[in-house]
Amino acid sequence: AVVLLRAGRVGEVVSQLERVIQLDDNDTGSLNNLAGILATSTDDAIRDGPRAVALALRAEQLSGGGSASILYTLAASYAEAGRFPEALSTAQRALERALAADDFKLAASLREAQKLYNDRRPLRDSSLGSHR
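Residues numbered from 1 in each chain as written. Predicted model: local features only at pLDDT ≥ 70, side-chain atom pairs only at ≥ 80, totals over all residues. Heavy atoms only, no water.

K.L.:
Please give an account of the packing of helix H6 (residues 84-100) against helix H7 (residues 104-118) that cites residues and values.
P.N.:
Relative placement of two packed helices is described by the angle separating their axes and the distance separating the axes. H7 packs onto H6 with a crossing angle of 165° between their chain directions and a minimal axis gap of 9 Å. With respect to H7, the axis of H6 lies roughly antiparallel. The interaxial crossing formed by H6 with H7 has left-handed handedness. Side by side, H6 and H7 meet where Phe 84, Ala 87, Leu 88, Ala 91, Gln 92, Ala 94, Leu 95, Ala 98 and Leu 99 of the first sit next to Phe 104, Leu 106, Ala 107, Leu 110, Arg 111, Gln 114, Tyr 117 and Asn 118 of the second. Residue classes in the contact of H6 with H7 are distributed as 13 nonpolar, 3 polar and 1 charged. (Axes fitted to C-alpha atoms, helices over the stretch in contact; angles between N-to-C directions. Helix = DSSP H or I, 4+ residues; strand = E, 2+ residues; numbered from the N terminus. Parallel < 35°, antiparallel > 145°, perpendicular 65-115°, else oblique. Left-handed = near helix turned anticlockwise from the far one by under 90°. Contact = heavy atoms within 4.5 Å. Nonpolar A, V, L, I, M, F, W, Y, C, P; charged D, E, K, R; others polar.)

Shown next as structure tokens:
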């Protein structure tokens, strides 16, 4: 999936991640990565906010809710689904965890995302996964 993603073959990445999740629906990495793609893809045909929320919530549940990167994805998923108050509160939780872990790159990304969510705009991430 990583090789396909770097080659810009996002549709194939989605298919690969779907297969992994069918085999193991407890794979938090695959759940988080697929949710991130479905939430932030620049391709309208790939985005699916409600599905991204469901996948990200599952990843958060499995991780115990402490992962800043999964919360980042969940916030982006909420924003794609038009649930901006939840996106903002989740992004704030993620920011607090990122700062506590000295993950300043993720914290900066979260601050930028919060600006979008304040403006009721979803995140579009052409790098699909650079923060996850």
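From this point, things continue past the structure.
K.L.:
If you had to explain the side chain of Arg 47 to someone new, which residues and values would you point to?
P.N.:
Mapping Arg 47 onto the fold places it in the loop between helix H3 (28-40) and helix H4 (49-63). In this structure the side chain of Arg 47 is engaged in a polar contact, spanning 2.4 Å, whose partner is the side chain of Asp 44. Here Glu 80 takes part through its side chain, which lies 3.5 Å from a polar atom of the side chain of Arg 47. Beyond its immediate stretch of four places on either side in the chain, Arg 47 contacts Leu 38, Ala 39, Thr 40, Ser 41, Thr 42, Glu 80 and Arg 124. (Polar contact = N/O pair within 3.5 Å; in protein donor to acceptor, adjacent residues only side chain to side chain.)

K.L.:
Describe the nonpolar core, with residues and values.
P.N.:
Across soluble globular proteins, nonpolar side chains show a tendency to be buried alongside one another. Among the nonpolar cores identified, the biggest contains 39 residues, and Leu 34, Ile 37, Leu 55, Leu 110 and Tyr 117 are the most heavily contacted of them. Contributing elements (two or more residues each) for this core: helix H2 (10-23), H3, H4, helix H5 (68-80), H6 and H7. It is H5 that provides the largest number of residues to this core, a total of 9 residues. Not counting residues up to four positions away in its chain, the partners in contact with Leu 110 are Tyr 72, Ala 91, Ala 94, Leu 95 and Ala 98. (Core = buried A, V, L, I, M, F, W, Y, C linked by side-chain atoms within 4.5 Å. Buried < 20%, exposed > 50% of the residue type's maximum accessible area, 1.4 Å probe, protein only.)

K.L.:
Can you lay out the pattern of salt bridges for me, pointing to particular residues and giving the numbers?
P.N.:
In total, this model carries 7 salt bridges according to the counting rule given. Glu 80 is the partner of Arg 47 in a salt bridge, and the nearest nitrogen-oxygen pair spans 3.5 Å. Of the two residues, Arg 47 sits in the loop between H3 and H4 while Glu 80 sits in helix H5, which places them 33 residues apart along the sequence. Take Arg 47: its relative accessible area is 18%, and that puts it in the buried class. Measuring nitrogen to oxygen at the nearest pair gives 2.6 Å for the salt bridge that ties Arg 93 to Glu 60. In this pair, Arg 93 sits in helix H6 while Glu 60 sits in helix H4, placing the two residues 33 residues apart along the sequence. Salt bridges here are not isolated pairs; linked through shared partners, they connect Asp 44, Arg 47, Glu 80 and Arg 124. (Salt bridge = Lys/Arg side-chain N within 4 Å of Asp/Glu carboxyl O.)

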